[in-house]
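Reading the structure
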Amino acid sequence: MSGLDLIRSAISNTFRSKTRTTLTVLAIFIGAFTLALTSGVGTGINRYIDTTVSSIGANDVMTVTKTVENTTSGPAKYEPNTTNVESATGRPGSTVEAITAAELDGIRAVKGVDSVEPVLTARPNYVEYNGGTQYQASIGGFVSGMSLDLAAGSEPSSGTDTYEVALPVSYVEPLGFTSDEDAVGKTVTFGVTDKTGASTTVDATVSGVSEAGLLGSTSLTANDALTTALYDAQSVGLSSSSKDSYASVSLRFDPSSSDDQVSTIKSDLKALGYDATTVKDQIGSFKTVIDAIVLVLNGFAVIALIAAGFGIVNTLLMSVQERTREIGLMKAMGMGAGRVFGLFSLEAVFIGFLGSAIGAIGAILAGTALNGVLANGLLSALPGLTLIAFDPASIAVIILVVMGIAFLAGTIPALRAARQDPIESLRYE
Amino acid sequence: MPVPVLAARDVKKSYGRGAARFDALKGVSLDIEEGESISIVGKSGSGKSTLMHLLALLDKPSTGAVELSGRDAGALGGRTLNRTRNQTFGFVFQQFFLTPNTSVLDNVTLPLRIAGVGGSERRRRGMEALERLELADKAKNKATDLSGGQKQRVVIARALVNEPRVIFADEPTGNLDTATGAVVEDILFDLNRRTGITLIVVTHDEDLAAKTDRSVFIRDGLIVDRKGESA
Ligand SMILES: Nc1ncnc2c1ncn2[C@@H]1O[C@H](COP(=O)(O)OP(=O)(O)O)[C@@H](O)[C@H]1O
Ligand SMILES: [Mg+2]
């Protein structure tokens, strides 16, 4: 029997006992549906994290800090020529050893590093529009290569001298704009108090309005020009050595660097006494947690699929039993044991395919409907989050895995059919 | 003297072992010439079907040999054995063994499908076989919707479709009333006479046996009589 005929016969045999096939397909459907949904949740959340990641930082950027000395064996010795600054990541009030302007050249010299910029922390007191109510504002820098999830306008442009800022949607109405679009192009004013106690203001143009993300949802995003202007304004009165001491600096590397090259840069910096983390590192641990949860959920779905596999065994054993005579006849007519095995295992694989394909389609439909409901309800505070996302590769993997399970389940009945003795099967008195 | 198409050389066949051992054939020798019709006759349990299964290469003798065109069939490997059975033999059983819910044409072309013959060629040869048995108009019917006589004609069409050299008929009329049984007999003998297909009929019915060129009578696993031997 040719391969094509074998497949065709297996498919038509599947539909011979409709009730039995339907019930088995249903069992697989439930497993495949669950598996597709749970892995869809994984895909959706991870995809959301990825877009959020690109809004917190570009892919070719590392944040560099001085390596914190091991303090478990006692306090670190004071070095007279170093400065301590407030830690950006540690416990409130804790300090870290600062990186000074003089050290930047050393970092710049590391192989693979394109440029080094200090991370300036701008802390304006308030933001206001047109003399209206003043609101507290926290500023996040904008590095080129980073992308914002925008509701209106465009990202603040880098490489320009004009001061530009992107407002989060939550600021639009309080500041007195009528809509997101209305805010774009308007000028807002930041109030800054310097170290001498004097107040100054800095004006900036609103380039766009950003959607609230999972992280930094209430941060304003300023371009380099604005950040520097705010930093300079707040640093009036500081000694130049304090002004030029940074808790962290950001360096850029070639975006096409491989993971190996990136880790080489990291270890070179480590040798110089710096810790470097990429955005990927920062978000990696978060993703690990999501992946672990999805893995557990997928585990349940796979258990359901294994149960469905026993359904396949049962269905096909019945079918082999019923078709004893037919199998005997085919073998008497010269059909080889391998082909008989193929016929029944293909039938199992086809049942698996039916169940998983219908399950995947069902999951996509249900997921899409659920996303619609959630976007207007539970998750309306997180625009841009599609909780259940389907990627064709993982759907294909699910279908293939189910077909694999079905094949394994089918081997028991298929072997029984293949081993059948034609004379025994055709015996009658 | 021509080489016999099939020959049994002192064939013995026993089932079971030790105390449960049962000798179904106790040494049978038989030559079957190309183009003849021969009947194997005996009471139920005498060993007729066992002999037929050995001749049809469905089973191997415990001792002795079965020869196909003068060559020991015991030496054939699984694949060759399957191909030989598919291309050389046609089977007609007492029970029809038609696949229910499948069209008459699909039932008839089963041996061709097993042989790996392509779809259009299969249809052509299947229809040809059905036409020879005047069943062409039933090609699309379900096999289960036919009368007993029609079913047995479908079975004969299926046995013919791969143009075999030998047709084995095990109690071909056992399930039919006398009139339709006679029709089926006529078809089989007509085929044998007109196309020269070797016909091996297994039966307990002496009237049917009398219509074949030659008969061998079996009792308790031994040939006890031969009729119509030429030499
Ligand atoms: N697989 C088997 N195991 C044990 N005994 C068998 C088996 N096949 C056939 N026999 C016995 O061998 C004898 C001959 O069987 P069979 O050739 O089918 O007889 P017939 O076709 O002449 O009625 C019978 O007694 C039967 O019970
Ligand atoms: Mg019998």
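Residues numbered from 1 in each chain as written. Chains lettered and ligands numbered in written order. Predicted model: local features only at pLDDT ≥ 70, side-chain atom pairs only at ≥ 80, totals over all residues. Heavy atoms only, no water.

Where an unreviewed UniProt entry is consulted, chain B appears under the name ABC transporter ATP-binding protein, with the organism given as Agreia bicolorata.

The name an unreviewed UniProt entry gives chain A is ABC transport system permease protein, with Agreia bicolorata as the organism. Taken from UniProt, the Sequence similarities (unreviewed entry) comment for chain A reads in full: "Belongs to the ABC-4 integral membrane protein family." Under the UniProt heading Subcellular location (unreviewed entry), the entry covering chain A gives this text: "Cell membrane". (UniProt positions renumbered as here; feature names shortened; annotations may be inferred.)

1. Comments concerning the pairing of strand 15 (residues 274-278) of chain A
Residue and element names in this part refer to chain A. In strand 15, alternate side chains face the same way, and those of Tyr-274, Ala-276 and Thr-278 are buried while those of Asp-275 and Thr-277 on the opposite face are not. Here five bridges tie strand 1 (residues 61-66) to strand 15, and the two strands are oriented antiparallel to one another. Residue pairing for strand 15: Met-62 is matched across the bridge by Thr-278. (Buried < 20%, exposed > 50% of the residue type's maximum accessible area, 1.4 Å probe, protein only. Helix = DSSP H or I, 4+ residues; strand = E, 2+ residues; numbered from the N terminus. Pairing = 2+ DSSP bridges.)

2. With respect to the packing of helix 11 (residues 337-376) of chain A against helix 12 (residues 392-419) of chain A
All names here are of chain A. In the contact formed by helix 11 and helix 12, the axes pass within 7 Å of each other and the chain directions differ by 150°. Relative to helix 12, the element helix 11 lies roughly antiparallel. Along this stretch, helix 11 crosses helix 12, giving a crossing that reads as right-handed. (Axes fitted to C-alpha atoms, helices over the stretch in contact; angles between N-to-C directions. Parallel < 35°, antiparallel > 145°, perpendicular 65-115°, else oblique. Left-handed = near helix turned anticlockwise from the far one by under 90°.)

3. What about the sheet that holds strand 14 (residues 249-253) of chain A?
All names here are of chain A. Across the sheet, four strands lie side by side as 5-14-1-15; this open sheet has antiparallel pairing. Unpaired on one side and paired on the other, strand 5 (113-118) and strand 15 mark the two borders of the sheet. Averaged over all adjacent pairs, the angle separating strand axes in this sheet is 30°, with direction ignored. In this structure, strand 5 lies alongside strand 14, joined through five bridges in antiparallel fashion. Looking at strand 14, one finds that Val-116 is bridged to Leu-251. Against the sheet, helix 8 (residues 259-272) makes contact with strand 1, strand 5, strand 14 and strand 15, and its axis sits at roughly 155° relative to strand 15, the strand it touches most. The sheet strands contacting helix 9 (residues 279-322) are strand 1 and strand 15, and the helix crosses strand 15 at an angle near 65°. (Contact = heavy atoms within 4.5 Å.)

4. Here we look at the pattern of salt bridges
Residues and elements named next belong to chain B. A full pass over the atoms with the stated rule returns 22 salt bridges over all chains. Of the charged contacts in the structure, one is a salt bridge between Glu-34 and Arg-165, with a shortest N-O distance of 3.1 Å. With Glu-34 in the loop between strand 2 (22-32) and strand 3 (37-41) and Arg-165 in the loop between helix 6 (148-160) and strand 7 (166-170), this residue pair connects regions lying 131 residues apart in the sequence. By relative accessible area, which is 44% here, Glu-34 ends up partly exposed. For Arg-165, a relative accessible area of 33% gives the class partly exposed. Note that Arg-124 is salt-bridged to Glu-128, the shortest N-O span being 3.2 Å. Here Arg-124 pairs with Glu-128, and both are found in helix 5 (residues 119-132), just four residues apart, close to one helical turn. (Salt bridge = Lys/Arg side-chain N within 4 Å of Asp/Glu carboxyl O.)

5. Focus: the site of ligand 1
Inspection of the region around ligand 1 gives 13 residues, with Arg427(A), Gly45(B), Lys48(B), Ser49(B) and Thr50(B) positioned closest. Flanking ligand 1 are residues from chains A and B. Between ligand 1 and Glu424(A), the relevant distance is 3.4 Å, taken from a nitrogen atom to a side-chain nitrogen or oxygen of the residue. Between ligand 1 and Ser49(B), the relevant distance is 2.6 Å, taken from an oxygen atom to a side-chain nitrogen or oxygen of the residue. (Near = heavy atom within 4 Å. Polar contact = N/O pair within 3.5 Å; in protein donor to acceptor, adjacent residues only side chain to side chain.)

6. A word on the environment of Asp254(A)
Inspection of the secondary structure assignment puts Asp254(A) in the loop between strand 14 and helix 8. If we skip the residues at most four places from it in the chain, Asp254(A) touches Gly112(A) and Asp114(A).

7. Regarding the UniProt feature "transmembrane region" (unreviewed entry) in chain A
Residues and elements named next belong to chain A. Per the UniProt record, "transmembrane region" (unreviewed entry) is annotated on residues 21-45, 292-319, 340-365 and 385-409. The span residues 21-45 shows a helical share of 100% and a strand share of 0%, and its end C-alpha atoms are spaced 36 Å apart. Split by type, residues 292-319 is 100% helix and 0% strand. Its first and last C-alpha atoms lie 40 Å apart.

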